[in-house]
Amino acid sequence: MKFEALFKPLQVGPYKLAHRVALAPLTRMRAERESFSPRPLNAEYYSQRATQGGLIIAEASPVLSHGRGNPATPGIYSEAQIAGWRKVTDAVHAKGGIIFLQLWHVGRVSHSSFHGGELPVSASAIAIKAEGMKAMTADGKISDYETPRALETDEVKGIVEAFRQGAKNALAAGFDGVEIHGANGYLLEQFLQSRSNQRTDQYGGSIENRARLLLEVTQAAIDVWGANRVGVRLSPHGIANDSGEPDPMPLYTHVVKAIDKLGLAYLHFIEPRSSGAGRADVHWENVPSAMVLFRPLYSGVLMTAGGFTGETANAAIADGHADIIAFGRIFISNPDLPRRLRHDYPITPYNRATFYGGEEKGYTDYPVYDELATA
Ligand SMILES: Cc1cc2nc3c(=O)[nH]c(=O)nc-3n(C[C@H](O)[C@H](O)[C@H](O)COP(=O)(O)O)c2cc1C
């Protein structure tokens, strides 16, 4: 076998992974458009990508309605959504797969049209204004970002409670664990980074204060699941959604060290070179590697994602930089990606035009290798 390190089993919390090729969390905007519940089509998509002992991280799912910022993204805050997700987890479990749900609040990466005219919320009243970045409205139109409303101190506890409830709902929906979305410029990262957080209460100012919400949310998930079935995702050095800590190392050193003490299932990075991967192919040279920078600070299972191929993924694991590689875009276009890597079969290229929204096209109609080979 060419990529031996990728196919070495690994214990993650209570779960025995048969290989290290994980499905990265991927927003696909194909949930039911009124109730934001997963549909049978979504169950089919996840089932296609499930393997015996393989890890799937299901797409970012808002823990409350005010945490939404995209049309047709599935939520995890209603009974109908729990029932929809139950069909997904059953389908994945039927194939022996392990599935975590990514818990989400978009914060300022939203628009008042999603919230009956109320402004999106954030750490501070600072709008996204990076060149070319536009908000999506609830009916799929493009708009400038509005200046969000800064959450009051006593409202921040409500955010922690919403994540706690989301974690409970994920348990009721049959997931095997949850991942806290602390990456890509969404609410928890808006609190982490000085660029979007200019608060003067216990959630702003010092690094300890800015990291407080992420750690309180993580603790709430731990209360529900136990630490060994909770993961956290971070994107140090990322620039998605107008994020970007001016000096990331002190902030992320603090966060990674604090998370290291918790005994989580895993810590999950997005490599800086792929920040913003949903919108464009970005492959930067000379950017720091998250796994290389932070591995020495983290003693648990480390997962990372960002432009990996079979070769580079296998090398990252063989060299000890990471334990699991999450694949996004090429797992979209290769539903049987673990098998293709195992046998070094050719990789089908992805079509960016069908990433977000729509039906089967570009979602459940990518063939497995055997179908290609006999076509
Ligand atoms: C269509 C699309 C949707 C994404 N949605 C999410 C998401 O819901 N949560 C998240 O943390 N990252 C999301 N990402 C980032 C991916 O999880 C992954 O980190 C990124 O695509 C880099 O991996 P890749 O080069 O293998 O695609 C998304 C990326 C793409 C392309």
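About the thresholds
Residues numbered from 1 in each chain as written. Predicted model: local features only at pLDDT ≥ 70, side-chain atom pairs only at ≥ 80, totals over all residues. Heavy atoms only, no water. Near = heavy atom within 4 Å. Polar contact = N/O pair within 3.5 Å; in protein donor to acceptor, adjacent residues only side chain to side chain. Areas by Shrake-Rupley, 256 points an atom, 1.4 Å probe, with all protein chains shown as cover. Nonpolar A, V, L, I, M, F, W, Y, C, P; charged D, E, K, R; others polar. Helix = DSSP H or I, 4+ residues; strand = E, 2+ residues; numbered from the N terminus. Buried < 20%, exposed > 50% of the residue type's maximum accessible area, 1.4 Å probe, protein only. Contact = heavy atoms within 4.5 Å. Axes fitted to C-alpha atoms, helices over the stretch in contact; angles between N-to-C directions. Parallel < 35°, antiparallel > 145°, perpendicular 65-115°, else oblique. Left-handed = near helix turned anticlockwise from the far one by under 90°. Core = buried A, V, L, I, M, F, W, Y, C linked by side-chain atoms within 4.5 Å. Phe/Tyr/Trp six-rings, centres within 6.5 Å; stacked < 30°, edge-to-face > 60°. Lys NZ or Arg CZ within 6 Å of the ring centre and 35° of its normal. Salt bridge = Lys/Arg side-chain N within 4 Å of Asp/Glu carboxyl O.

Asks: I would appreciate a short explanation of the site of the ligand in the present structure.
Replies: As a structural note, the neighbourhood of the ligand is formed by 21 residues, with Thr27, Gln102, Arg233, Gly307 and Arg329 the closest of them. One of the backbone nitrogen or oxygen atoms of Ala60 is found 3.4 Å away from an oxygen atom of the ligand. Within the side chain of Gln102, one N or O atom sits 2.7 Å away from a nitrogen atom of the ligand. Surface burial for the ligand is 95%, taken as the share of its 600 Å² of free accessible area covered by protein chains. Considered class by class, the residues forming the shell around the ligand number 10 nonpolar, nine polar and two charged.

Asks: Which parts of the structure should I look at to understand the environment of Gln52?
Replies: Positionally, Gln52 belongs in the loop between helix H1 (40-48) and strand S4 (55-62). Look at Gln52 and you get exposed, because its relative accessible area is 59%. Between the C-alpha atoms of Gln52 and Lys2, which are 50 residues apart in sequence, the distance is 20 Å. Beyond its immediate sequence surroundings of up to four residues, Gln52 is in contact with Ala18, His19, Lys95 and Gly96.

Asks: Even after reading the chapter, I still don't get the packing of H1 against helix H2 (residues 79-94), so can you show me in this structure?
Replies: Helix-helix packing is characterised by the crossing angle of the two axes and by the distance between the axes. As a packed pair, H1 and H2 sit with axes 8 Å apart at the nearest point and diverge in direction by 25°. Relative to H2, the element H1 lies roughly parallel. Relative to H2, H1 is oriented so that their crossing is right-handed. Contact with H1, carried on its side by Asn42, Ala43, Tyr46 and Ser47, involves Trp85, Lys87, Val88, Ala91 and Val92 of H2 and no other residues of that element.

Asks: Mind showing me how you'd approach unusual backbone geometry here?
Replies: Glycine aside, a negative phi is what most residues show, and trans is what most peptide bonds show. Although it is not a glycine, Ala72 adopts a positive phi angle of roughly 65°. Turning to its location among the elements, Ala72 is positioned in the loop between S4 and H2. Its relative accessible area of 2% is what places Ala72 among the buried residues. You will see that Asp242, though not glycine, has its phi angle at about 65°, which is positive.

Asks: Looking at this model, I keep getting lost on the nonpolar core. Mind explaining?
Replies: A general feature of soluble globular proteins is that nonpolar side chains tend to end up buried together. Core analysis: the largest hydrophobic core is formed by 84 residues, its most contacted members being Tyr46, Ile180, Leu234 and Phe327. Among the elements that make up this core, the one with the highest residue count is helix H5 (residues 207-225) (nine residues). Among residues more than four places away in sequence, those in contact with Phe327 are Val21, Ala22, Leu23, Ala24, Phe308, Thr309, Ala313, Leu337 and Leu341. Formed by 17 residues, the second largest nonpolar core is a distinct cluster that contains Ala24, Leu55, Ala305 and Ala326.

Asks: Help me understand the packing of aromatic side chains in this model?
Replies: Per the counting criterion, the structure on display carries 12 aromatic pairs. Considering the side-chain rings of Phe355 and Tyr356, the 6.3 Å spacing of their centres and the 85° angle between planes classify their relative orientation as edge-to-face. Through successive ring pairs, a cluster of aromatic residues spans Tyr45, Tyr46, Trp85, Phe175 and Tyr363. A cation over a ring is seen here: Arg68 above Phe36, with NZ or CZ 3.4 Å from the ring centre.

Asks: Teacher, can you tell me more about the pattern of salt bridges here?
Replies: Side chains that differ in charge, positive against negative, can pair when their charged atoms come close. Under the counting rule described, the total for this entry stands at 16 salt bridges. A salt bridge links Asp90 to Arg86; the nearest nitrogen and oxygen atoms lie 3.7 Å apart. With Asp90 and Arg86 both in helix H2, this residue pair falls four residues apart, about one helical turn. A relative accessible area of 41% places Asp90 in the partly exposed class. Between Asp336 and Arg340 there is a salt bridge; the shortest N-O distance is 2.9 Å. Of the two residues, Asp336 and Arg340, both sit in the buried class. Overlapping salt bridges, with partners in common, bring together Lys2, Glu311 and Asp344 in one network.

Asks: Hey, could you run me through the side chain of Gln190 in this one?
Replies: The residue Gln190 is located in helix H4 (residues 187-192) in this model. Judged by its relative accessible area of 1%, Gln190 falls in the buried class. Among residues more than four places away in sequence, those in contact with Gln190 are Val106, Gly107, Arg108, Val109, Val121, Ser122, Ala123, Gly185, Ser196 and Asn197.

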